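# Architecture and fold: a report
So the chains spell out like this:
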Amino acid sequence: MLPRELLSLLMLLCAFRLSASVVDEDDDYELMYVNLDNEIEGPAPAAEEAASCDCQREHSKWDKLFIMLENSQMKENMMLQALDELPRLELQTLRAELSQLATTLAGTVTTVTSRVASQVEQALLRSRDQAEQARRLQESEQGKVLEHVLQLSHNVSARLGWLESAWRGRAEEQARQTALQQDKQHGSRGDSPILSSLWKELQQTRAELRASQQWAAQHLLPAGCETAILFPMRSRKIFGSVHPTSAMTLSSFTACIWLKVTEALDKTIVFSYGTRFNPYEIQLYLSRASAVLAVGSARHKLAATNVVVPGKWLHLCGSWSSENGSASLWAQGELAASAWHVAGAHTVPDGGILQLGQEKNGCCAGGGFDEALAFSGKLTGFNLWDRVLSPAEVTAQSTGDTCGTRGNVVGWGVTEVLPHGGAQYVS
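A short tour of the structure in this document, coming up. This structure is a prediction, so every number in the text was calculated from the model and none was measured.

With that out of the way, let us pick up the overall build of the protein. Of the regular secondary structure elements, the protein holds 5 helices and 16 strands. Going through the 427 residues of the protein one by one, you find that 30% of them count as buried. Taking as baseline every contact in the protein between residues at least 6 positions apart, the subset at least 24 positions apart corresponds to 66%. Accessible area of the protein: about 27,500 Å², with a carbon and sulfur share of 56%.

Phe253, Leu259, Phe271, Leu286, Leu356 and Phe382 are the most contacted members of the largest nonpolar core, which has 52 residues in total. At 6 residues, strand β5 (residues 252-261) tops the list of elements feeding residues into this core. When near neighbours in sequence (up to four residues on either side) are disregarded, Leu259 contacts Val270, Leu286, Lys312, Trp313, Leu314, Leu316, Phe375, Lys378 and Leu379. Ranked by size, the runner-up nonpolar core spans 6 residues in total, among them Cys317, Trp330, Trp385 and Val394.

A separate point is the side chain of Ser272. Topologically, Ser272 is positioned in strand β6 (residues 268-274). Within the structure, the side chain of Ser272 is placed 2.7 Å from the backbone oxygen of Gln358, a separation counted as a polar contact. When neighbours within four sequence positions are excluded, Ser272 is seen to be in contact with Ile282, Gln283, Ile353, Leu354, Gln355, Gln358, Glu359 and Lys360.

Tallying each qualifying case throughout the model produces 2 disulfides. Covalently, Cys225 is tied to Cys403 through a disulfide, its sulfur atoms 1.7 Å apart. Across the disulfide from Cys225 to Cys403, rotation about the S-S bond amounts to roughly 80 degrees, and the bridge is consequently right-handed. Here the residue Cys225 occupies a position in the loop between α4 (182-219) and β3 (228-231), and Cys403 occupies one in the loop between α5 (391-397) and β15 (416-420), the gap between them amounting to 178 residues. When its relative accessible area of 6% is taken as the criterion, Cys403 is described as buried. There is a disulfide in this structure between Cys256 and Cys317, and the S-S distance comes to 1.9 Å. Taking the sign of the torsion about the S-S bond as the criterion, the disulfide between Cys256 and Cys317, at about 115 degrees, is right-handed. Taken together, the residues span a long stretch of sequence, with Cys256 in strand β5 and Cys317 in strand β10 (residues 314-321) at a distance of 61 residues. Residue class for Cys317 comes out buried when judged on its relative accessible area of 1%.

The next point concerns the layout of surface pockets. Taken as a whole, the largest pocket encloses approximately 1,600 Å³ of empty space. Taken together, 47 residues make up the lining of the largest pocket; nearest its centre are Leu220, Leu221, Pro222, Ala223 and Gly224. Residue assignment for the lining of the largest pocket shows that the elements contributing at least two residues are α3 (61-175) and α4. Sort the elements by how many residues they give to the lining of the largest pocket and α3 lands first, with 13 residues. Residue composition of the lining of the largest pocket, grouped by class: 17 nonpolar, 19 polar and 11 charged.

Cut-off values and rules
- Residues numbered from 1 in each chain as written.
- Predicted model: local features only at pLDDT ≥ 70, side-chain atom pairs only at ≥ 80, totals over all residues.
- Heavy atoms only, no water.
- Helix = DSSP H or I, 4+ residues; strand = E, 2+ residues; numbered from the N terminus.
- Buried < 20%, exposed > 50% of the residue type's maximum accessible area, 1.4 Å probe, protein only.
- Contact = heavy atoms within 4.5 Å.
- Areas by Shrake-Rupley, 256 points an atom, 1.4 Å probe, with all protein chains shown as cover.
- Core = buried A, V, L, I, M, F, W, Y, C linked by side-chain atoms within 4.5 Å.
- Polar contact = N/O pair within 3.5 Å; in protein donor to acceptor, adjacent residues only side chain to side chain.
- Disulfide = S-S within 2.5 Å.
- 1 Å grid on protein atoms, 1.4 Å probe; cavity = no way out; pocket = protein on both sides within 12 Å on 5 of 7 lines; lining within 4 Å.
- Points joined across faces, edges and corners; volume = space filled by probe spheres on them.
- Nonpolar A, V, L, I, M, F, W, Y, C, P; charged D, E, K, R; others polar.

Shown next as structure tokens:
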């Protein structure tokens, strides 16, 4: 703005210098001055007649020039002001439109993102469910195939045994032949290399079948059991907690479980149930090669000897009735020990803690666990009934679909069993 004003002022000064040179030539007029407001002043006010005359006369070319300069300066100022205001209004309008567009886009992006995330989550859930179903189906099919293979191996073993017996009978019959039948004996001597080769092959096949059976017994779960709880080591922090929905007030019971122990010490707990006042209400534990059932206290117990083999699956069932104190222990579906007057007239109270692999023995402040009593190995198929099962029912628990039948107090696969401290479910 300042350069334009200086230019206008210089133009006005030049114009007045020209007018002053013209006025000096005329002696009737005096020197006139130009102020900053573009008004012409004389040295002394003229008479009223002269003023009225000047007002009525026409504008000279210099007056018109001054008026044009003023108008152009005013127009220039107005145009500059309009140009200053126009970008400001345009920027404000553009900013408002951009803000509205950003708000709309943010809402749209949020909606689309939430929908996509929801769809992705649903797809992942469906994929996980399908994978889980496929895994369970595959495990079930593998279990059936392995069970069929084991059954075939048993059949082949039986047939091989029959062939071995037949071969031995034939060999004995040939040995009893008399010396008079030399031709037949010679023929049989000719056949002896073939029989010996067949005998070796039968022995090798039987050894391979026994090895496969031993591997299956060590690495596979019992038939019908899909999962087991692994106790990787003896620890005072590793155990499993069982949470039955039925009351534990028992005047009789039967408890069955599959176990494969890594090593059995003098007292290795399989499962235990205890209260604040008596941590030894029910206990099933191992003592080296023996299995022991205790009810009511550590003194009321029943032991079955020479039934535990480390590294091999063992099915144990213990039953008890308070009516006459009868107690029984079953191993692999067969009765291993029984007794009378074991905690007779005793009733197992409710409100205790049922655990796998440890006992609530109260050894520490506020109760705790003893590492020497901890179980290491695998447990599965734990079931508990509030009655004494018949011998046929107990035998059925160890054969066929062993995990298919469930107890009415604790049912494996139905009742909540939580591993703690490093114990975990395996299949």
